[in-house]
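Spelled out, the chains give:
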Amino acid sequence: MSINLCIDWGNSNVKAAVFNDDKIIESLLFSGDGAEMPIQNLIDSHKPAKAIMSSVVNHSAGFEQTVKDGVKTFIKLDGNTSLPIINAYTTSGTLGTDRVALATAAHMANPGKNNLVVGIGTCITYDFIQKNRTFRGGAISPGLNMRLKAMHQFTDKLPEVSADGELLLLGYDTSTCMRSGAVYGMSAEIDGMIKEFESQYPDFNAVLTGGDAPFFVSKLKSKIFADPDLLMKGLNLILKYNAPIPR
C-alpha cells in the first residue's frame, strides 16, 4: 500500500488529492490564501509517504515547506522530472506542468490511441500525445471567464458579465448576447479542434477535463469522455514512476 499526496496549484485554486495506490480516497479544492492549513490537515489525516506538486504560479514558500516537512519523498514537477512519456515540446521551460500530467494520464489510460486532452479552466488547453507515447504540444486559447472579462475590459461600453446567468443561443440583451458568444463560441471551437485532430490522426480519443468541464460536456457535439480527476491521476502516475514502492 502506498499513500500519495498530489497537489496542483493552478491560476484560480489549489486542488489536492490523496491516493491509496491508484484510488483517490480524499480530494480538496481550496483557495491559495491560507493554503497551508487545509494541506496540513490532509497530511495529518492520511500521513502520506510521498507527495508531488505541480504549480503554474508563484506560490508561497511556506506551503511548499509544509508539504516537504510532512512526507518522506517530495517531488516538485518541472522540466527536469523523469516522465513515463516522451516530451517533444520544444520550449519545456514555458510548458505548464499541469499539461504534462494531463498528457501522461491520457496516454496511460489509452495507450493504443492518439489522445487529445481538452482542459477547460482559466484557459482552454489542447494537449496531444501520440500513441507512441510522445507529447507533441497542442494549443491554448482563452477560457470562459477570460473571454467575458476581455470583452468588458477592452471596450468602452460592454458590461462586466458573469458566466452564471441565463444562457440562450439567441441573446435578447447585451449580457445574454455576450454570454451566448462566449459559451457557444467556446463549444464550437472545442468541437472544431476535436474534428481537426480526428481528421489527421487515426485511432483517436478525446478527453475533457478541468474546472469548467462539467458546464460544457452537455454542449459539445463531439464524442468525448469527461474525467474531472485526470490531472490528479497524471500526477500520481509521475510520482509513482519517480518514487516506486520498494520491493
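Look a little higher up for the structure.
Residues numbered from 1 in each chain as written. Predicted model: local features only at pLDDT ≥ 70, side-chain atom pairs only at ≥ 80, totals over all residues. Heavy atoms only, no water.

Visitor: What is the right way to look at the packing of helix 1 (residues 36-46) against helix 2 (residues 61-70) in this model?
Guide: A pair of packed helices is characterised by two quantities: the angle between their axes and the separation of those axes. Remark: helix 1 packs on helix 2, axes separated minimally by 10 Å, with the N-to-C direction vectors making an angle of 10 degrees. The orientation of helix 1 with respect to helix 2, classified from their angle, is roughly parallel. Side by side, helix 1 and helix 2 meet where Glu36, Ile39, Gln40 and Ile43 of the first sit next to Gly62, Phe63, Thr66, Val67 and Gly70 of the second. Residue classes in the contact of helix 1 with helix 2 are distributed as 4 nonpolar, 4 polar and 1 charged. (Axes fitted to C-alpha atoms, helices over the stretch in contact; angles between N-to-C directions. Helix = DSSP H or I, 4+ residues; strand = E, 2+ residues; numbered from the N terminus. Parallel < 35°, antiparallel > 145°, perpendicular 65-115°, else oblique. Contact = heavy atoms within 4.5 Å. Nonpolar A, V, L, I, M, F, W, Y, C, P; charged D, E, K, R; others polar.)

Visitor: Can you walk me through the nonpolar core in this structure?
Guide: It is characteristic of soluble globular proteins that their nonpolar side chains tend to be buried jointly. Counting residues in hydrophobic clusters, the biggest one holds 25 residues, and the most contacted among them are Ile52, Met232, Leu235 and Ile238. Those elements giving two or more residues to this core turn out to be strand 2 (14-20), helix 3 (97-109) and helix 7 (230-242). Aside from chain neighbours lying at most four places away, what touches Ile52 is Leu5, Cys6, Ile7, Ile75, Leu77, Leu235, Ile238 and Leu239. With 24 residues, the next largest nonpolar core counts Tyr126, Leu148, Val161 and Ala163 among its residues. (Core = buried A, V, L, I, M, F, W, Y, C linked by side-chain atoms within 4.5 Å. Buried < 20%, exposed > 50% of the residue type's maximum accessible area, 1.4 Å probe, protein only.)

Visitor: Would you explain helix 7 in this entry?
Guide: In a regular helix each residue adds 1.5 Å, so 13 residues correspond to 18 Å; helix 7 covers 19 Å between its end C-alpha atoms and thus fits that length. Within the span of helix 7, buried status applies to Leu230, Leu231, Met232, Gly234, Leu235, Asn236, Ile238 and Leu239. (Expected span 1.5 Å × (residues − 1).)

Visitor: Is there a simple way to think about the packing of aromatic side chains in this case?
Guide: The relation between two aromatic rings is expressed through the spacing of the ring centres and the mutual angle of the planes. By the definition in use, this model includes 6 aromatic pairs. Judged by centre distance (4.4 Å) and plane angle (45 degrees), the rings of Phe128 and Tyr201 are tilted. Of the two residues, Phe128 is situated in strand 8 (residues 123-129) and Tyr201 in the loop between helix 5 (174-200) and strand 10 (204-209); the sequence distance between them amounts to 73 residues. Centroid distance Phe215 to Phe216: 5.3 Å. Interplanar angle 80 degrees. Geometry classified as edge-to-face. Judged by relative accessible area, which is 31%, Phe215 ranks as partly exposed. Assessed through its relative accessible area of 0%, Phe216 is described here as buried. Put simply, the rings of Phe128, Phe197 and Tyr201 touch in pairs and so form one group of aromatic residues. If you follow Lys219 out to its NZ or CZ, it ends over the ring of Phe215, 4.1 Å from the centre. (Phe/Tyr/Trp six-rings, centres within 6.5 Å; stacked < 30°, edge-to-face > 60°. Lys NZ or Arg CZ within 6 Å of the ring centre and 35° of its normal.)

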